[in-house]
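These are the residues of each chain, in order.
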Amino acid sequence: MPSFDEVLKEAGEFGRFQKRVFFLLCQTGITFSFLFVGVVFLGHTPEYYWCRIPGAAELSERCGWTLEEEQNYTVPALNLVNRFSGGQCERFDIEWNNTSVSCANPLSRFTNSSLGNVPLTSCQDGWVYKQPHSTIVSEYNLVCANAWMLDLTQAVLNLGFLTGAFTLGYAADRYGRIRIYLYSCLGVGLCGLVVAFAPNFSTFLVFRFLQGVFGKGTWMTAYVIVTEIVGSDQRRIVGIVIQMFFTLGIMILPGIAYLIPTWQGIQLAITLPNFLFLLYYWAVPESPRWLLTRKKGDKALNIMHTIAKHNGKYLSPHYSEITVTDEEVSNPSFLDLVRTPHMRKYTLILMYAWFTSALVYQGLVMRLGIIGGNLYLTFFISGAVELPAALLILLTIDRIGRRLPFAISNVVAGVACLITAFLPEDIPWLKTSVATLGRLGITMAFEIVYLVNSELYPTTLRNFGVSLCSSLCDLGGIIAPFLLFRLAAIWMELPLIIFSILAVICGILVLFLPETKGISLPETVEDVEQLSSLQSKSGRKKKHQDTAYI
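Residues numbered from 1 in each chain as written. Predicted model: local features only at pLDDT ≥ 70, side-chain atom pairs only at ≥ 80, totals over all residues. Heavy atoms only, no water.

Enquirer: What exactly am I supposed to notice about a nonpolar patch on the surface here?
Expert: On the surface, Ile400, Leu404, Ile408, Val412, Leu437, Ile508, Leu511 and Phe512 cluster together to form a nonpolar patch covering roughly 710 Å² of accessible area. Sort the elements by how many residues they give to the nonpolar patch and helix α20 (residues 403-422) lands first, with three residues. With respect to the helices and strands, Val412 occurs in helix α20. (Patch = residues over 30% accessible without salt bridge, like charges linked within 9 Å, V, L, I, M, F, W, Y side chains within 5 Å. Areas by Shrake-Rupley, 256 points an atom, 1.4 Å probe, with all protein chains shown as cover. Salt bridge = Lys/Arg side-chain N within 4 Å of Asp/Glu carboxyl O. Helix = DSSP H or I, 4+ residues; strand = E, 2+ residues; numbered from the N terminus.)

Enquirer: What's the story with the environment of Ile508 in this structure? I'm lost.
Expert: Here Ile508 lies in helix α23 (residues 494-509). With 98 residues separating them along the chain, Ile508 and Asn410 place their C-alpha atoms 8.6 Å apart.

Enquirer: Can you help me understand the confidence of the model for the protein in this one?
Expert: Regions with low pLDDT should not have their predicted coordinates read in detail. The pLDDT averaged across the protein works out to 80; a share of 81% of its residues lies at or above 70. Across residues 76-87, confidence stays below pLDDT 50; counting only partners more than four residues off in sequence or on other chains, it has 32 contacts. Predicted confidence is poor over residues 539-550, with pLDDT under 50, and the contacts of this stretch with residues over four places away or in other chains come to zero contacts. (pLDDT = per-residue confidence, 0-100. Contact = heavy atoms within 4.5 Å.)

Enquirer: Teacher, can you tell me more about the packing of aromatic side chains here?
Expert: Both the distance between ring centres and the angle between the ring planes are used here to describe each pair of aromatic rings. Summed over the entire model, instances satisfying the criterion amount to 24 aromatic pairs. Each ring, one from Phe36 and one from Phe161, has its centre 6.1 Å from the other, and the planes form 15 degrees; the classification is stacked. Of this pair, Phe36 sits in helix α2 (residues 16-37) while Phe161 is found in helix α8 (residues 148-175), placing the two residues 125 residues apart along the sequence. Each member of the pair, Phe36 together with Phe161, is buried. (Phe/Tyr/Trp six-rings, centres within 6.5 Å; stacked < 30°, edge-to-face > 60°. Buried < 20%, exposed > 50% of the residue type's maximum accessible area, 1.4 Å probe, protein only.)

Enquirer: Just to check I follow, could you spell out the environment of Thr31 for this structure?
Expert: By the secondary structure assignment, Thr31 is in helix α2. Taking the C-alpha atoms as reference points, Thr31 and Ile250, 219 residues apart in sequence, are found 9.5 Å from one another. Once residues within four sequence positions are removed from consideration, Thr31 is found in contact with Pro273, Asn274 and Phe277.

Enquirer: Where do I start with the nonpolar core in this structure?
Expert: Nonpolar side chains tend to gather and get buried jointly when the protein is soluble and globular. Core analysis: the largest hydrophobic core is formed by 135 residues, its most contacted members being Leu25, Tyr181, Phe406, Phe499 and Leu513. When residues of this core are assigned to their parent elements, the largest contribution, 14 residues, is made by helix α17 (residues 341-371). Contact partners of Phe406, with chain neighbours within four places excluded, come to Ala353, Ala445, Ile448, Val449, Val452, Val510 and Leu513. In this structure, Leu168, Ala171, Ala172 and Val213 belong to the second largest nonpolar core, which totals six residues. (Core = buried A, V, L, I, M, F, W, Y, C linked by side-chain atoms within 4.5 Å.)

Enquirer: Please explain the packing of α8 against helix α9 (residues 177-196) as it appears in this structure.
Expert: Axes are the key here: two packed helices are described by the angle between their axes and the distance separating the axes. Taken N-terminus to C-terminus, the directions of α8 and α9 make an angle of 140 degrees; their axes are 7 Å apart at the nearest point. Viewed along their axes, α8 and α9 adopt a mutual orientation that is oblique. For the pair formed by α8 and α9, the contact residues are Leu168, Ala171, Ala172, Asp173 and Tyr175 on the first element and Arg177, Arg179, Ile180 and Ser184 on the second. (Axes fitted to C-alpha atoms, helices over the stretch in contact; angles between N-to-C directions. Parallel < 35°, antiparallel > 145°, perpendicular 65-115°, else oblique.)

Enquirer: Can you walk me through the side chain of Asn311 in this structure?
Expert: Tracing the sequence through the fold places Asn311 in the loop between α15 (297-310) and α16 (334-338). Of the residues examined, Asn311 reaches a relative accessible area of 14% and is grouped as buried. Within the structure, the side chain of Asn311 is placed 2.9 Å from the backbone nitrogen of Arg16, a separation counted as a polar contact. If sequence neighbours within four positions are ignored, Asn311 has contacts with Ala11, Gly12, Gly15, Arg16, Phe17 and Gln18. (Polar contact = N/O pair within 3.5 Å; in protein donor to acceptor, adjacent residues only side chain to side chain.)

The structure is reproduced here in structure tokens:
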């Protein structure tokens, strides 16, 4: 009986059918990037807001003040005594509903010197915003003492990613790739609608968590499907290009946010496309590799005939059955990933690589918000920087393999972060250029880890293994904002030094992974265990040949 790879080669490893499925599933990368980094625009803190003052609204209505005049009369006088800037978190403890207050000069009873003795009090009655519904910050008053709740929204989303990696990754290995993909698309769409119209912050958090769960299900399952239906020579292309669509989403998002003035509108715009993916029920088949592992060879063979037909090819008549591994298929668990020595080593290294890639990547992206500038333009440029990363990967991994570019990209990112930390502020162009090099390096590392992770695990554990290891990516995403902002409060460049150390260590560790260039996807744990020994023998043979030639 032929093996799956033999049948796939005859049916076409990357024909018209695979290209169509690949393009359809790539759209998932765009919508997932919206969810992944959308908080930058959904939760952008308004530039102008101030304490809502009891009685001031009534006084403003009686006096016919505009919103700007209300702010000018009741807040900025604090700047005269340098008590604080803008009146954003404190206000004068004054009775503004006094009928004797003058409309023309409400603070006329105080001199500049006596204003310094007027007690201040915190904003206990909320805040006034020039654009009340522009972001979730103004919607739910996530400012001043409540500012940490904005960080909580992103932490909850990453916690959802983490939960989805375990639960839906396991479900995709047990119940099928495309079934879980479709359920996840429906779930992320419905939860996104609830988030847009959440009546309170608690409801917002709960459904943002669930949106993270299902969002992770769409992204990781789409990635696994496209890598399982193509040949080994094409996996490098599909694994990188699908992430270029993620980058495309990052570049599109600031345009959406620029055109839509409210956060609810932005949320709807980035959520509704998920419902279109439900049409894939009629366009994307189940992974035949997965069907084989579940002892469903007949269904797998039927799909292979369909693939061959669409690719303009025909399978040989004797292909009545495809080889199914003799290994007993069981429900995967973490023990399967660490039971054997090589699998254990690969798992631990990949988990660290995921953690470092996510933490450094998100840290560098969020750092753009600290250094200021035009948010929409800066965000667009930061996405455009990622496109050369994908091109560099495509040019290198086919020629020199996966392992060396994986290591070099991490080391380059680490060194660039370290250099950026100690460059003087009076050379901004150089500081920005080196930091961009670091962003380029960590983006390459982030994209390669996807590819290597899916190539190092056997079919029976692939989806679960990718899900488990990538869960460390979500842990890095939870830690990144706290690490960045807390350390930056001590010294602005301190986070860059931490990023540097983590990235360089990662670059060294990935050298202990086997090269996966040109190999067939492993079907069993035994196949994975033999990777290192086969490469060691190949290396010794090549060295012997070189010596004999000399």
